[in-house]
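Topology and contacts: notes
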Amino acid sequence: MSLIMNEKIKAKELDLTGLDGEPIGVVSRDEALAMAKRLKVDLVCTSLMSSPPPCKLVARGDAKKEQSQQQREERLQDRPAKEKELRLSAHIEEHDYDTKRRQAEKLLAAGNPVLLVVKLQGKQEQVPAKELLERLLADLKPFGSKATGIQMSGKQAAVRVNPAG
């Protein structure tokens, strides 16, 4: 949506609001533009859906800054969450486990899905790898839920966790 302000406003009459949000009332377009010039501010139309259109006086430059901030936030919300991969080993030390758990919690809290991967060296490690992922899933329960079951393949065990909410 583009910003309609100052001379771009074409309506003959405007429902004007002052700098501090105080209602000024219905005034002519020319009177509102003169007031904006005198106060060295911008006249911004907030909606074209009603007649007379509501407009407000805004400190110069603030309206464009606010609009670009709003557009930036919308773009960030539209962007899909990136899946983050956390790699662990089947025989992990307790301190390292806590670090990986905290990393996963942070990522899930930020709204990113997490792929937990345990690298395997040989067939005998499949059982501890699965147990490790199950323990991690139990610890992460408040932050997210598993999107896939634990997948065991030749050299790794993996599970995807989606953020809660």
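The structure contained in this document is the topic of the report that follows. (Residues numbered from 1 in each chain as written. Predicted model: local features only at pLDDT ≥ 70, side-chain atom pairs only at ≥ 80, totals over all residues. Heavy atoms only, no water.)

Observations concerning the environment of Glu-22
- Take Glu-22: it is sitting in the loop between β2 (13-17) and β3 (23-28).
- On a C-alpha basis, the gap between Glu-22 and Gln-77 in space is 33 Å, while along the polypeptide they are 55 residues apart.
- Of note is the side chain of Glu-22, whose polar atom sits 3.1 Å from the backbone nitrogen of Asp-20. (Helix = DSSP H or I, 4+ residues; strand = E, 2+ residues; numbered from the N terminus. Polar contact = N/O pair within 3.5 Å; in protein donor to acceptor, adjacent residues only side chain to side chain.)

So, the pairing of strand β6 (residues 84-89)
- Bridge analysis of β6 against strand β7 (residues 114-119) gives 6 bridges, and the strand direction is parallel. Its bridge partner lying in β7, Leu-88 is registered against Val-118. (Pairing = 2+ DSSP bridges.)

Thoughts on the nonpolar core
- Of all hydrophobic cores here, the largest spans 21 residues; its most connected members are Leu-116, Val-118 and Leu-133.
- Looking at this core, the elements that each hand over two or more residues are β6, α3 (94-109), β7, α4 (126-139) and β10 (156-163).
- Tallying contributions element by element places α4 first for this core, with 5 residues.
- Among all residues touching Val-118, those that are not within four sequence positions of it are Leu-88, Ser-89, Ala-90, Ala-129, Leu-132, Leu-133, Lys-155, Gln-156 and Ala-157.
- Leu-16, Ala-36, Val-41 and Cys-45 belong to the second largest nonpolar core, which has 13 residues in total. (Core = buried A, V, L, I, M, F, W, Y, C linked by side-chain atoms within 4.5 Å. Buried < 20%, exposed > 50% of the residue type's maximum accessible area, 1.4 Å probe, protein only. Contact = heavy atoms within 4.5 Å.)

Worth remembering: the numbers are spatial, not functional.
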